[in-house]
Amino acid sequence: MVLAHGIAAGETIEGKVVRVSDGDTITVLDQSKTQHKIRLSGIDAPEKGMPFGQKSKDNLSDMVAGKEVTVETTKLDRYGRNVGKVLVEGLDANLAQVEAGFAWHYKAYQREQSGADRLAYTHAEERAREARKGLWMDREPTPPWEWRKQRR
């Protein structure tokens, strides 16, 4: 099957989640049987091999795997993935990952979020950190963008 990358920013993708790659990347199969690789916007989850990487993936899988979702796309990233907010049964899955303590609010890209989302994600991370949920159980968890930089 061909992986489609041609959705313009601001368009909506609707379909079934057929793969969860990690805590911030999924694959959605639309009605035309086209696969779309989606990078969840506004968040950055632990990478495979990082503490909480598998738990982050599992949490996202529990939320979206095999379910119908709507993706509000914002752009294509440098890897050709659609970047967007994933809605499942009316729930913002991106925000839910932050609330559960399995992703950071990715502040480097917060200017791409609406003001309401920026505020919600910021507060969700603060609450998760204070409650020591998920990756916040560690005193000083290493953010994935720093972890990736160390491995280059």
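As the structure is a prediction and not an experimental result, all values here were calculated from the model.

So, the pairing of strand S2 (residues 12–22)
Item 1. One ladder, built from five bridges, connects S2 with strand S6 (residues 68–76); its direction is antiparallel. For Ile13, the partnering residue across the bridge sits in S6 and is Val71.
Item 2. Relative to strand S3 (residues 25–30), S2 is paired through six bridges, and the arrangement is antiparallel. Paired with Arg19 across the strands is Thr27, a residue of S3.
Item 3. Between S2 and S3, which follow one another and run antiparallel, lie two residues.

Focus on the packing of aromatic side chains
Each aromatic ring pair is described using two quantities: the centre-to-centre distance and the angle formed by the ring planes.
Item 1. Inspection of every chain in the model, using the stated rule, returns four aromatic pairs.
Item 2. For the pair Trp104 and Trp136, a centre-to-centre distance of 5.6 Å together with 65° between the ring planes defines the contact as edge-to-face. One end of the pair, Trp104, is in strand S9 (residues 104–105); the other, Trp136, is in the loop between helix H3 (115–131) and helix H4 (144–150), and 32 residues separate them in sequence.
Item 3. Classification of Trp104 by relative accessible area gives buried; the value is 5%.
Item 4. Take Trp136: its relative accessible area is 5%, and that puts it in the buried class.
Item 5. Taking 5.0 Å as the distance between ring centres and 70° as the angle between the ring planes, the aromatic pair formed by Tyr106 and Tyr109 counts as edge-to-face.
Item 6. We classify Tyr106 as buried; its relative accessible area is 14%.
Item 7. Judged by relative accessible area, which is 34%, Tyr109 ranks as partly exposed.
Item 8. A connected cluster of aromatic rings, assembled from ring pairs, spans Trp104, Tyr106, Tyr109, Trp136 and Trp145.

Some words on H3
Item 1. Over its 17 residues, H3 runs 24 Å from end to end, which matches the ideal 24 Å to within 8%, given 1.5 Å per residue.
Item 2. The complete set of buried residues in H3 reads Asp117, Tyr121, Thr122, Ala124, Glu125 and Ala128. All buried residues of H3 project into a common sector of 160° when viewed along the axis, lining one side. Every exposed residue of H3 that faces more than 90 degrees away from the buried side is listed here: Ala116, Leu119 and Glu130.
Item 3. Structurally, H3 contributes buried residues whose contacts are with strand S5 (43–44), strand S7 (82–88), strand S8 (91–92), helix H2 (93–99) and S9.
Item 4. Phi turns positive one or two residues past the end of H3, at Arg132, with a value near 55°.

Here's the deal with the nonpolar core
Item 1. Grouped together as the largest cluster of nonpolar side chains are 23 residues, with contacts concentrated most on Ile26, Val28, Leu60, Val64, Val69 and Val86.
Item 2. Of all the elements in the fold, those that place two or more residues in this core are S2, S3, strand S4 (35–40), helix H1 (53–64), S6, S7, H2 and H3.
Item 3. With four residues, H2 is the largest single contributor of residues to this core.
Item 4. Setting aside chain neighbours within four positions, we find Val64 in contact with Val17, Val20, Ile26, Val69, Val86, Val88 and Ala93.
Item 5. Grouped together as the second largest cluster of nonpolar side chains are six residues, Phe52, Trp104, Ala128 and Leu135 included.

Thresholds, definitions, all that
Residue indices follow the written sequence of each chain, beginning from 1 at its first position. Per-residue local features of the predicted model are confined to residues with pLDDT of at least 70, and side-chain atom pairs are confined, for both listing and counting, to 80 or more; whole-chain, interface and lining totals are unaffected and use all residues. Remark: hydrogens and water are excluded; side-chain values derive from all non-hydrogen atoms of the structure. Pairing between strands is defined by DSSP: at least two bridges between the two strands are required. A run of H or I in DSSP counts as a helix once it spans at least four residues, and a run of E counts as a strand once it spans at least two, with each numbered from the N terminus. A pair of aromatic rings is counted whenever rings of Phe, Tyr or Trp (Trp by its six-membered ring) have centres within 6.5 Å, and the orientation is called stacked for planes under 30 degrees apart, edge-to-face for over 60 and tilted otherwise. Note on exposure labels: buried denotes an accessible area under 20% of the residue type's maximum, exposed denotes more than 50%, and partly exposed covers the range between, all computed with a 1.4 Å probe on protein chains only. By this rule the span expected of a helix is its residue count minus one, scaled by 1.5 Å. Directions drawn from the helix axis to the C-beta atoms are what define this arc. By the convention used here, residues are in contact when the closest approach between their heavy atoms is within 4.5 Å. For our purposes a nonpolar core is just a set of buried Ala, Val, Leu, Ile, Met, Phe, Trp, Tyr and Cys residues, chained together by side-chain atoms within 4.5 Å.

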